[in-house]
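# Overview (structure and organization)
Each chain, written out:
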Amino acid sequence: MTSQAARDRLVARLSDKGVTSEAVLQAVANTPRHLFVDEALASRAYEDTALPIGLGQTISQPYIVAHMTELLLNSSPRLDKVLEVGTGSGYQAAVLSMVCDRVFSLERIEVLLRLARRRFHQLGMHNIFTRYTDGQQGWIAQAPFDGIILTAACPGIPDELLQQLGDGARLIAPLNADGIETMGLSGPLSGKLGSGGQYLVSYTRHGDKFDSEILDAVSFVPLLDGLS
Ligand code: SAH
């Protein structure tokens, strides 16, 4: 149940659901998701569902990981430097590490970060760099990034993160419905947003301006302040 065949079936399902990037599908096919969850859940690792990873957090659903990675790539086959806020299990970072030269990932829960680092080390993923910190400040010393991804739902996109986007680069994040109003976002979905819901949004930088878009309805754990 943790075999390559199970992983290939998952990839076929993601492709059916609309993931088209070959690079992303290959990355999912090559990432052993069963090593990113507790052994007791390993047999469910290739189901297309989010799973608990302890401390109230979850490893994201594979479809969402693939979809967000595809959105971040924005038709490029590969990116150089990418920032992730919310390392969690490390699975999203691992998938990113196969389509990006370097992944910088930030996590506020030390226990989770320690486990994720161990997985990266065991799997020889030497292009993932992590920090134990509140990720809302980003990683200024490594900016600008060619893409930024948030894997926890926020009430608004921190300006520090937008400022760390390179020109032409994209930020993908789940935003609370209230935050969408506060940030003044509009799109075909605005007006139809359920209050209390969350939506994926994208910001693309053009010089000092940002093009923003509301994408799909999603469900993420919340972005929290400070360290744990
Ligand atoms: N990308 C992860 C998803 C984990 S869930 C994976 O593939 O498994 C979201 C993660 O965001 C949690 O681990 C949570 O602790 C973390 N998080 C929440 N707020 C944060 C913040 N302000 N800074 C850094 N990490 C944060």
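Residues numbered from 1 in each chain as written. Predicted model: local features only at pLDDT ≥ 70, side-chain atom pairs only at ≥ 80, totals over all residues. Heavy atoms only, no water.

## Notes on the site of the ligand
Taken together, 28 residues sit near the ligand, with Gly-86, Ser-89, Glu-107, Gly-135 and Leu-224 positioned nearest. Contacts to the ligand include Ser-89, whose side-chain N or O atom sits 2.6 Å from an oxygen atom. In the model, a nitrogen atom of the ligand is placed 2.7 Å from a nitrogen or oxygen of the Leu-224 main chain. Look at the ligand: alone it shows 570 Å² of surface, and the protein chains cover 99% of it. A molecule is said to occupy a pocket when more than half its atoms come within 2 Å of that pocket's grid points, and by this definition the ligand occupies the largest pocket. Looking at the shell around the ligand, the elements with two or more residues in it are β2 (57-59), β3 (79-85), α4 (91-97) and β4 (100-107). If one sorts the elements of the shell around the ligand by residue count, β2 sits on top with three residues. For the shell around the ligand, a count of residues per class yields 11 nonpolar, 13 polar and four charged. (Near = heavy atom within 4 Å. Polar contact = N/O pair within 3.5 Å; in protein donor to acceptor, adjacent residues only side chain to side chain. Areas by Shrake-Rupley, 256 points an atom, 1.4 Å probe, with all protein chains shown as cover. 1 Å grid on protein atoms, 1.4 Å probe; cavity = no way out; pocket = protein on both sides within 12 Å on 5 of 7 lines; lining within 4 Å. Sits in = over half its atoms within 2 Å of the grid points. Helix = DSSP H or I, 4+ residues; strand = E, 2+ residues; numbered from the N terminus. Nonpolar A, V, L, I, M, F, W, Y, C, P; charged D, E, K, R; others polar.)

## Looking at the sheet that holds strand β8 (residues 198-206)
With mixed pairing, seven strands are arranged side by side in an open sheet as β5-β4-β3-β6-β7-β8-β9. Taken across any chain shown, the strands that pair with only one partner, and hence form the sheet edges, are β5 (128-132) and β9 (209-218). In this sheet, neighbouring strand axes are inclined to one another by 15° on average, regardless of whether the strands run parallel or antiparallel. The sheet contact formed by β3 and β4 spans six bridges and is parallel. What sits directly across from Glu-84, in β4, is Ser-105. The strands that helix α3 (residues 62-73) touches are β3, β6 (145-150), β7 (165-176), β8 and β9; relative to β7, the one it contacts most, it runs at about 150°. (Pairing = 2+ DSSP bridges. Axes fitted to C-alpha atoms, helices over the stretch in contact; angles between N-to-C directions. Contact = heavy atoms within 4.5 Å.)

## Quick look at the pairing of β7
Along β7, nine of the 12 residues are buried, which leaves the element largely enclosed by surrounding structure. Sheet analysis places β6 next to β7, joined by four bridges and oriented parallel. Each residue of the ladder has a partner; that of Ile-148, found in β7, is Leu-171. Here seven bridges tie β7 to β8, and the two strands are oriented antiparallel to one another. Residue Leu-175 lies in a different strand from β8, and its bridge partner there is Tyr-199. (Buried < 20%, exposed > 50% of the residue type's maximum accessible area, 1.4 Å probe, protein only.)

## Quick word on the packing of helix α1 (residues 4-16) against helix α2 (residues 22-29)
How two helices sit against one another is set out by the angle between their axes and by the gap between those axes. At their nearest, the axes of α1 and α2 sit 9 Å apart, and the two run at 150° to each other. Taken together, the axis directions place α1 and α2 in an arrangement best described as roughly antiparallel. Regarding α1 and α2, the two cross each other, and that crossing is right-handed. Side by side, α1 and α2 meet where Gln-4, Arg-7, Asp-8, Leu-10, Val-11, Leu-14 and Ser-15 of the first sit next to Leu-25, Val-28 and Ala-29 of the second. Residues of the contact of α1 with α2, tallied by class, amount to six nonpolar, two polar and two charged. (Parallel < 35°, antiparallel > 145°, perpendicular 65-115°, else oblique. Left-handed = near helix turned anticlockwise from the far one by under 90°.)

## What about the side chain of Glu-70?
Mapped onto the fold, Glu-70 is located in helix α3. Arg-170 provides the closest opposite charge to the buried, unpaired Glu-70, separated from it by 9.1 Å. A distance of 2.8 Å separates a polar atom in the side chain of Glu-70 from the backbone nitrogen of Thr-20. (Lys, Arg positive; Asp, Glu negative; His and termini not counted. Salt bridge = Lys/Arg side-chain N within 4 Å of Asp/Glu carboxyl O.)

## Quick notes on α3
For α3, which comprises 12 residues, the first-to-last C-alpha distance of 16 Å matches the rise-based estimate of 16 Å (1.5 Å per residue) to within 8%. Here α3 lies mainly inside the structure; 12 of its 12 residues are buried. Positioned one or two residues after α3, Asn-74 has a phi angle of 50°, which is positive. (Expected span 1.5 Å × (residues − 1).)

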